[in-house]
Amino acid sequence: MTQARIGYAASLEQFGPTEAIELAALAERHGFVGTVASEGFQPFTPQQGQSPFVWNVVSALGARTTGPLGVGPVSPTFRWHPAMVAQAAATLAAMYPGRHWLALGSGEALSDHIVGERWPEAPERIARMFEALSIITKLFAASLAGRDTKHDGEFVRLETARLWTMPEVAPSILIQTAGPLTAKRAGRSADGLLIEAAPYDRIGMLFQRFDEGAREAGRDLASTTRVLRLHLSWAPTDEEAMANALAEWPNGGMRFAKSDIRSPFDLEQIAKLVRPDDMSARMVVSSDPDVHRAAVQAHLGLGFDEVYLHNVGRDQRAFIEVFGRDVLPKLTR
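Here's what I pulled together on the structure shown here. (Residues numbered from 1 in each chain as written. Predicted model: local features only at pLDDT ≥ 70, side-chain atom pairs only at ≥ 80, totals over all residues. Heavy atoms only, no water.)

### A closer look at helix α11 (residues 289-301)
No. 1: Here α11 contains 13 residues, and its C-alpha end-to-end distance of 18 Å stays within 8% of the 18 Å for a straight helix at 1.5 Å per residue.
No. 2: All of the buried residues in α11 are P289, H292, A295, V296, H299 and L300. Here the buried residues of α11 occupy an arc of 140° about the axis, which is enough to place them on one side.
No. 3: Residues of α11 that are buried make contact with β1 (6-10), α7 (200-216), β9 (225-234), β10 (284-286), β11 (306-311) and α12 (316-326).
No. 4: For α11, the capping residue at the N-terminal end is D288, with a side-chain oxygen 2.9 Å from the backbone nitrogen of D290. (Helix = DSSP H or I, 4+ residues; strand = E, 2+ residues; numbered from the N terminus. Expected span 1.5 Å × (residues − 1). Buried < 20%, exposed > 50% of the residue type's maximum accessible area, 1.4 Å probe, protein only. Arc of directions from axis to C-beta. Contact = heavy atoms within 4.5 Å. Polar contact = N/O pair within 3.5 Å; in protein donor to acceptor, adjacent residues only side chain to side chain.)

### Overview of a nonpolar patch on the surface
No. 1: On the surface, a nonpolar cluster with roughly 260 Å² of combined accessible area is contributed by F41, I114 and V115.
No. 2: By the secondary structure assignment, I114 is in the loop between α4 (109-112) and α5 (122-144). (Patch = residues over 30% accessible without salt bridge, like charges linked within 9 Å, V, L, I, M, F, W, Y side chains within 5 Å. Areas by Shrake-Rupley, 256 points an atom, 1.4 Å probe, with all protein chains shown as cover. Salt bridge = Lys/Arg side-chain N within 4 Å of Asp/Glu carboxyl O.)

### So, the packing of aromatic side chains
No. 1: On inspection of all chains with the given rule, the structure shows 9 aromatic pairs.
No. 2: Between F44 and W249, the aromatic rings sit 5.5 Å apart at their centres with planes inclined by 75°, giving edge-to-face as the arrangement. In this pair, F44 is assigned in the loop between β2 (35-37) and α2 (54-62) and W249 in the loop between α8 (238-248) and α9 (264-271), connecting sequence segments 205 residues apart. Across the pair, exposure class does not vary: F44 and W249 are buried alike.
No. 3: Note on F207 and F304: the rings are 5.0 Å apart at their centroids and 70° apart in plane angle, and the pair reads as edge-to-face. One end of the pair, F207, is in helix α7; the other, F304, is in the loop between α11 and β11, with 97 residues separating them in the sequence. Pair check on accessibility: F207 and F304 agree, each one buried.
No. 4: By the ring-pair criterion, three or more aromatic residues cluster together here, those being Y8, F32, W234, F319 and F323.
No. 5: Sitting over the face of the ring of F207, R226 holds its NZ or CZ atom 5.2 Å from the ring centroid.
No. 6: Sitting above the plane of the F15 ring, R314 keeps its charged end 5.6 Å from the centroid. (Phe/Tyr/Trp six-rings, centres within 6.5 Å; stacked < 30°, edge-to-face > 60°. Lys NZ or Arg CZ within 6 Å of the ring centre and 35° of its normal.)

Right, here's the structure in full:
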């Protein structure tokens, strides 16, 4: 057995760019391996209070750290044209060779409605995501070969284009999902899965569906990656840990899809209905590092290659120190 690769999830919904970079660099010094940051235009609730531009943050973060740099989920079809996502990812990967991976998602109205487009139902959003994946993949491959590429699809067009700045190896592209059909489709065309909202007892099924899709497409499973962003609430006392969860990350306790909610203020009102039992059922809330260690180890046992930890409380420095000392060294794969 070897020590597991556990990274730090930079919560750009809660921390401004300078502080987020400082915290991620501190995490690496305490044994965390790599950082993942989500992309969005707004936080989930006003209490969270931040939402910096992820590409700026991660570009600067790369100069302060040495581990993997994950960005996602990025919705590549509403606020973004897929070609722009491809250019951003290619540039980051050229700056930090071998470190950047990109995750795509089907989008949330909270951030994506701002451009004023019609907000479609989930099946269309997923179809848009996979069309964007096809465009980005083709653009990476053609650009590495020194060729232009085009696309005239159901939702997106790309006229003659290539990326003039490319890394030697294109970044991996993961798909974020909690659904079996999307997981199987991802297996046919993506480099892996990013999971963060799926119940523990469904994860094995998602991996199975992804593997089925990969085998049907004749793809090498050994080259794919399974990544988890794990939300948790640790604090010096159980009471503080629960208070942090309810105040800072109430969206984690909501038992329904949130992708159609357009305003952090609307989500704030819905969050008033979240109770401690809702939180305990969906994330580990505890002051005991060993309780969190057992939960992370259980997820590693499911087959994740990388796990990124997001502690929802504001005192990230204490979390980083305690977990770097008492949790990370005891985790194995």
